[in-house]
Structures are given as structure tokens and as C-alpha cells.
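So the chains spell out like this:
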Amino acid sequence: MNMAGGAFVLPKARPSGPPYFSRNQVAQALHQVAVLLELNGANVFRVRSYQNASRMLGGLTQDLGELVASGELFELKGIGKGLGSALSQAIGEGRWPNDWISLHKDTPEGMIEMLGIPGLGPKRIKIMNQELGVDSITTLREAAEDDSIAGLKGFGAKSQQRMLDGIELLARFRSRRRLDIGLKYGEAFEQRIAKIPGVQKAQLAGSARRRKDTIGDLDLVVAVEDKDKESVSNAILQLPGIADIKGAGDSKISLILDTSIFDENFSIGHIDTNVLDAIGGDDYEQLESGGTIDAQVRLVSLDVFPFTLAYFTGSKEHNIAMRQRAIDRGLRLNEFGLIPEKDAGELKGMAAAKFSLPAIDENEIYRHLDLDWVTPELREDTGEILAAQEANLPQLIVQSDIKGALHNHTTLSDGEASLEQMADAARNIGWNWLGLADHSPTLKVANGASAEDLLAQGELIKKYNSEWANDGVDFRLFHGVESDILEGGKLDHPDDVLAKLDYTVASVHAMNKWKSRDEQTNTEELMKCIDHPSTTILGHPTGRILQGRDGYEVDMFAIIEYMAEYNNNGEMKAVELNASPYRLDLDWRLCKFAKTNNVPVIINPDAHSIRGLGDIAYGVMAARKGWLESGDVLNSLSGDDLAKRLK
């Protein structure tokens, strides 16, 4: 269990034990000790005994506390007298063995940190330390850039480059996590806490609740009566998936969560090759499967809950604007309440909160400040306060508004499901239509379809549409292509082929070329592509991959204004909000600009599998954050209305 991106630490004992440590925590500690022993050159058999014990205990179903109390722990295969005594002390008394503590304390922190680099194990770290004095990620980078590692026996130039790539990937991984990953952890943790006896409410706050495209850590606000705080806190500390307890007080618990919080095996699902390469390939999957995320839990009373939830939801800028509005009305707004200054005087915190205006939910906080309630996605201080004051907040798009999506792939290019399977999946989730847009020939890595195969797919689609219409089935397929944008803004099929399609998604995939050019050149090139009569949708407009690569330089404001001219003249040119959580491109900040310029947005999952259709949810989150209403989004149209728009 490599705590990706974090130093090894021995878990802190629960205050409520015994057992003072969970099965996962004990297995993690054994794994770490095995790795540290190997880093320090310990006997291979001793290392192996800790590795085996970690695996065995990690898969154990029996209660560890009972095994220690009964003495049965010593009867387990691979648990000798020494190891059994050490584990009994830890589990029964809450104290790790001194030699384990010394191993963590005395091993150079930099060498432990290097273990987070994908594919770099303790054996190689030890060799590089002995031969080159490498003792940190910084000195490892220096040695690799000086070409010193390639000369070591058993290493070579490829290994050296892989280490440099791994250092970069680890740095990206540590900074923030994508929305889908953060929500996956956050919702699993929220659901587990909500089931604890004594918990009245549990809700995710922070950037995850605001649906930022990436998040730093998790914030959860939990309502609980004072008499239940201790039992609820203890129950939280015993939940599965806690890799470490950083702190546990009366009202705040700080934790590190790992993937064992999930009921099922952690999986990131099917990722198309282009994206997987950008985020680090198999190394990224390794990081994610052994990843962790920080979480803070705040325990508050039910009457304080709305104020704490609003405060820790943020954003900082939105909170500042709200506090100023409170000050203008002689009030003090904070995580404890909305408090009249004349009553609170010099009192602080909960002492002042007894004078708070009542609020059973966030809606009442906003009402006290003469505002409509602002949905969390909009709380970024981008005009939402004024709109709430004027009762002019948008009626944001919701998932049920979605009737279909146009950018999806099948086995004709690099998808893993057939046309028929994708159509059935779309019908099963309640969509009325689905667009298929397989890759064009230039993108060889994606098995781009030839014109002949593409047109054959079109004939099959016509056949199915005719059958559904005859049977009175309210479903249809639209036939398109995802065409590479070639030199001079040209598309990757002859015009007579493109003319036979319902639509064309024009996308940039030759990222090296586009990233090597300046903003003006790229902007002009995209404008030429938009000029092409077959270009219907500009796909993933900036080419960014979240935590993988920045997009190419382009003036998206100028592009959107250019597209607006076409739309104002009655020719539809839509911009894609690519819903893949790896992209979320168009960025939410530009969605509002597209809306104000009357450029239609199409939310597309860019699905390469049946499961991928579900990514539409992340696109809806980003669209809501970008102030989009159902009328701004082509996905809300019926099949007949969309057909008219596409013509």
C-alpha cells in the first residue's frame, strides 16, 4: 500500500481502543516496515516475513482485537513469537514497537518520499543511494538530468527517463485530485458517516461541493448532539479506509483516507489512449490505486450546521462578499452563526453564537441577507451575489434535462463497445437519441475509420432508425465523425463524405504541433476550421488534460465570438463541453461567455465505453458551474428539434 505522494507514517492509535488499530492500519504498518527494512539493507527473509504478514492480515476477515485477546493471533500462518508480540502490543495497548518507530524516524525522509515515484522500489533506491548518494527526489532528478543513473548496472537510459517522467507525474498527482476521484472518496466517506448512530446530518462541503474540476482535500460537516459527539467521533475513527489519523478533537477530526474506503475494488475504468498517455499511463493507474486523500470532519450541533456548511463550502471570495454584506447590516457572519454585533459585543466563537439569527438551512442564511439561495456551484464571486439580490439567478441545467449526446465512440475506432451496445446503453439510461462520432483516419493511435467504413456505419444507422420509427420507438441515432483538424484548418475526410453525415466534431489531436505554435497562429487555424461548412462542433477546444497537460495556446474568447457571428447569421456552430473528468473542456469559466454570446454548448461524454456515457454527469456539473441553463445546451433538445438544428 504505497501512500502515493505522501511520506510513510505509522498510524495513530484510536482513542477508543482496544483494538487500537484497524486491520487495514496494521497491514499498512507491516507493509511500510517491510519497505523500510529493504531500504536499510535488512535480511531478505526478514523483509519477506513482514510482506507476507501484511498480505495475510490485509485479507483477514476475523476481528483483530478478538484474535489478540484470545491468543489466536500466534496461531496464524507466518506470525511468529516476535511478530505476534509486536502486533499484540500495538493492537492491545496502542503502542507500536520501538524498532518500527526507529525505522520510520531514522530512514532519510527523502528516500521514503522517493517511494511514491511509480515503478521505483526500495531495491533501486538503495542502490542509487549507495552508488550516487541519491537521498531525495531533488538529488534523484539531478542525477537523472546529469545522466548519472543510466550508467549504473541494471538501469540504463530508459529507466533514467522513466524516473524523470515519474517525478513529474508524482508532482501533478500530489497537487490536487480530479473532481471524479475527489467525489468518489468524498461520497463514500459521507455515506459511511451518515449511517453512524447519533449522526443527524452529514454533508460534503469545500471545493468538491462547489464541483471544482480539481480539489485539494475533503471537508465534511456532521451534525450531532453534544451527548453523542464522543461516540460518533470514535465510530468515525474506526471506519474502514482510514490510512492515518492526523488529529482528533472534540469538534474536528483530520484523517488520511485510502482506497480501502470503497466497498468494491478501486478502478478508474476505460480510458482512451490519448488521455491515458497524457496522464501517465500505467504509472498513473498505479498511483491512483494506492492513492490517499486528506479529509477534515467538523462535528457541530444541528443549529450551527447550516452556518458551518456554508462557511466550509466557500469559496473564500464568495464568503468575503457574504461577510461584507452581513457587516453592512450590522451582522457578523462566520462558521458559528449570523450574529448581531450589538448583541455579541466582545464575545467570540460559540459564546457569541448564542445570539445568532436562526437558520434551519442555508436558504435562511441568504434570506436574512436579502438574497436568493445560491447553489454551491456558483459560489465563486463571479456575479452570483448581484444575481441573487436581483432574483436573477439562472435556472441551472439538471441531469434530467439531458436527452442525448453527440460525441461518442464505438469499436469502429477506439471504443470498446459496438454501435448496438452503445445504442442500447443510451436507451437504458433514458436518452432519446445518441450521436456516434468515431475517429477519422489521421489519428492512427485511435484506429481512425476509413471513409468507406464510416459510410457503411451510416447505412447501418439509417437501417436502425427506420426500424425504430416503424416500431414507434422514441429513439434515434445521429451519425457523425470526430475529425482531426489538419493543416490550414482542413478536416480529415473529403467534403463529399462529410456532407453525408449529420454533423462533424472537429478536434485537435496533434498536440505537439499545436503546443509548439503561438496563440495567434492557433487561433487563426481554429477559425479556418470553423469556416468549413461541415464543422458543426468544436471538440475539447483547448486540448487540456487535467493533471496531465495544459492545453495549447489559443484565444478562446476570440473563438467564441467568431462562432457567435455564424450563429447570429443562422448557421449553427456549437462548442463542446467535453464531460470526461480528465478534460472538462470547455472550462466552466468560458461556459458563461459562450452563453452570453449565444453560442450553443453541447455536453459530450466522449464515451469510449458503455460506462463512459455516465461521464455526462461531470459535464452537467461543469455546465452548472458555468451558469448554463437547459436552453443553452443542445442536449436538452428532442431528437426532431436537434435534427432541424443540425440541418
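See the structure above.
Not measured: the values here are computed from a predicted model.

Chemist: Report on the sheet that holds strand 2 (residues 199-204), specifying residues and quantitative values.
Modeler: Taken in spatial order, the five strands make up an open sheet running 2-4-7-6-5, and their pairing is mixed. Whereas interior strands pair on both sides, the edge strands pair on one side only; in this sheet they are strand 2 and strand 5 (242-248). Mean inter-strand twist for the sheet, computed between neighbouring axes without regard to direction, equals 20°. Examined bridge by bridge, strand 6 (residues 252-258) and strand 7 (residues 292-300) share seven bridges and lie antiparallel to one another. From the neighbouring strand, aspartate 258 faces strand 7, where its bridge partner is threonine 292. In the packing of helix 10 (residues 179-194) onto the sheet, contacts are made with strand 2, strand 4 (218-224), strand 6 and strand 7, and the angle to strand 2 comes to roughly 175°.

Chemist: I'd like a rundown of the environment of leucine 371, residues and numbers included.
Modeler: Topologically, leucine 371 is positioned in the loop between helix 19 (362-368) and helix 20 (384-389). Taking the C-alpha atoms as reference, leucine 371 lies 60 Å from asparagine 52; in sequence the two are 319 residues apart. Setting aside its immediate chain neighbours within four residues, leucine 371 contacts Met322, Arg325, Tyr366, Ile385, Ala388 and Gln389.

Chemist: Provide a residue-level description of the pairing of strand 10 (residues 433-439), including the pertinent values.
Modeler: Among the seven residues that make up strand 10, seven are buried, leaving the element largely enclosed by the rest of the structure. Taken together, the seven bridges between strand 10 and strand 11 (residues 476-484) define a ladder with parallel strand orientation. Residue pairing across strands places tryptophan 433 opposite arginine 476, the latter belonging to strand 11.

Chemist: Outline the pattern of salt bridges, listing residues and values.
Modeler: Going through the model one piece at a time under the given rule, you end up with 30 salt bridges. Residue arginine 46 is joined to aspartate 99 by a salt bridge in which the shortest nitrogen-to-oxygen separation is 3.5 Å. One end of the pair, arginine 46, is in helix 2 (residues 44-58); the other, aspartate 99, is in helix 5 (residues 98-106), and 53 residues separate them in sequence. For aspartate 99, a relative accessible area of 40% gives the class partly exposed. For aspartate 219, the salt bridge identified is with arginine 298, shortest N-O distance 2.8 Å. Here arginine 298 lies in strand 7 and aspartate 219 lies in strand 4, a separation of 79 residues in the sequence. This pair shows no difference in class: aspartate 219 is buried, exactly as arginine 298 is. Linked through salt bridges whose partners overlap, the residues forming this network are Asp213, Arg544, Asp587 and Arg589.

What counts and what doesn't
- Residues numbered from 1 in each chain as written.
- Predicted model: local features only at pLDDT ≥ 70, side-chain atom pairs only at ≥ 80, totals over all residues.
- Heavy atoms only, no water.
- Pairing = 2+ DSSP bridges.
- Helix = DSSP H or I, 4+ residues; strand = E, 2+ residues; numbered from the N terminus.
- Axes fitted to C-alpha atoms, helices over the stretch in contact; angles between N-to-C directions.
- Contact = heavy atoms within 4.5 Å.
- Buried < 20%, exposed > 50% of the residue type's maximum accessible area, 1.4 Å probe, protein only.
- Salt bridge = Lys/Arg side-chain N within 4 Å of Asp/Glu carboxyl O.

Take it as geometry only, folks, not as evidence of what the structure does.
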